[in-house]
Every structure is written in C-alpha cells, then in structure tokens.
Amino acid sequence: FFDMCTEKRPTLEALAQHIVCGHEKIRVGTKILCSIPGCLGMLSSHSIYWRHILRHLDIRNYECGECGKKFVTVSDRNSHERKVHHLDTYGSTRE
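In this text, all values refer to a predicted model and were calculated from it rather than measured experimentally. (Residues numbered from 1 in each chain as written. Predicted model: local features only at pLDDT ≥ 70, side-chain atom pairs only at ≥ 80, totals over all residues. Heavy atoms only, no water.)

Q: Requested: an account of the sheet that holds strand β3 (residues 42-43), with residues and values cited.
A: Taken in spatial order, the three strands of this open sheet run β1-β2-β3, and their pairing is antiparallel. Pairing within the sheet leaves two strands with one partner each, and these edge strands are β1 (26-28) and β3. Inspection of the sheet shows strand β2 (residues 31-33) paired to β3 by two bridges, in the antiparallel sense. Across the sheet, residue Leu 33 finds its bridge partner in β3, namely Met 42. (Pairing = 2+ DSSP bridges. Helix = DSSP H or I, 4+ residues; strand = E, 2+ residues; numbered from the N terminus.)

Quick look at the structure:
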C-alpha cells in the first residue's frame, strides 16, 4: 500500500498523518472507508480511523514496562499490562 500515493514522507508517523489528513475520505453513510487498497475497513470516527491507519503501518509507540511488547495505543498497552502482568493503572501488582 505504500504505492498508493506519490507523496514521500520522512517517517511512518508522517505518512500516517498524510493518509489520514491529506487523502480524500470516502464516506459510506456515517462511516469512513479505509483508503488502504484492499482493506474494507469502515471506521466510525476520525480517531478510530487514525488508529486503524497506525495498525496498517505497524506504528507502535507505547511499550509495556514489564516485557517490552509495543502497542498502537496507550489503552492497548494498559489493557495488556492489566491482563498479562496483573498491574493496576499505576504500575503496581494487584494482590
């Protein structure tokens, strides 16, 4: 899908920003159709579309402090830490 645009960007984050903000969005009713060729994703908001594009580009900026696994969103990381490492919101182990 990197061939979908002739625009060159210095980082994947900049490419994601360009895709989300620079490309014309196709709407189907109230949903935004993903602009990545071959993807049939229909997203309900701009922020969900942004996270969806980050996942396509495998941009994972939020790292688990316990195991080093990386996530697209803070909430994904926090959920992982709670479920896998049994940490609470403040990083303490739950008894």
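Q: Talk me through the environment of Arg 27; I want residue IDs and the actual numbers.
A: Mapped onto the fold, Arg 27 is located in strand β1. C-alpha of Arg 27 to C-alpha of Ser 44: the two residues are 17 residues apart in sequence and 9.8 Å apart in space.

Q: Just give me the short version of the pattern of salt bridges, but keep the residues and values in it.
A: A side chain of one charge can pair with a side chain of the opposite charge when the charged atoms of the two come close. Tallying each qualifying case throughout the model produces two salt bridges. Taking the shortest distance from any N to any O, the salt bridge between Asp 76 and Arg 55 comes out at 2.5 Å. Of this pair, Asp 76 sits in helix α3 (residues 74-85) while Arg 55 sits in helix α2 (residues 46-56), and the two are 21 residues apart along the sequence. Residue Asp 76 is classed as partly exposed on the basis of its relative accessible area of 27%. In this structure, Arg 60 and Asp 58 form a salt bridge, with 2.5 Å as the shortest nitrogen-oxygen distance. (Salt bridge = Lys/Arg side-chain N within 4 Å of Asp/Glu carboxyl O. Buried < 20%, exposed > 50% of the residue type's maximum accessible area, 1.4 Å probe, protein only.)

Q: If you had to explain unusual backbone geometry to someone new, which residues and values would you point to?
A: With a phi close to 55°, Asp 58 is a non-glycine residue in the positive phi region. Note that Asp 58 resides in the loop between α2 and β4 (62-63). In this structure Asp 58 comes out as partly exposed when scored by relative accessible area, which is 49%. At His 86, a residue that is not glycine, the phi angle is positive and equals roughly 55°. Mapped onto the secondary structure, His 86 falls in the segment after α3.

Q: Describe in detail the side chain of Thr 73, supporting the description with residues and values.
A: Counting through the fold element by element, Thr 73 comes out in the loop between β5 (70-71) and α3. For Thr 73, a relative accessible area of 10% translates into the label buried. Within polar-contact distance, the side chain of Thr 73 engages the side chain of Ser 75 at 3.2 Å. Sequence-distant contacts of Thr 73, defined by excluding residues within four places in its chain, comprise Arg 51 and Tyr 62. (Polar contact = N/O pair within 3.5 Å; in protein donor to acceptor, adjacent residues only side chain to side chain. Contact = heavy atoms within 4.5 Å.)

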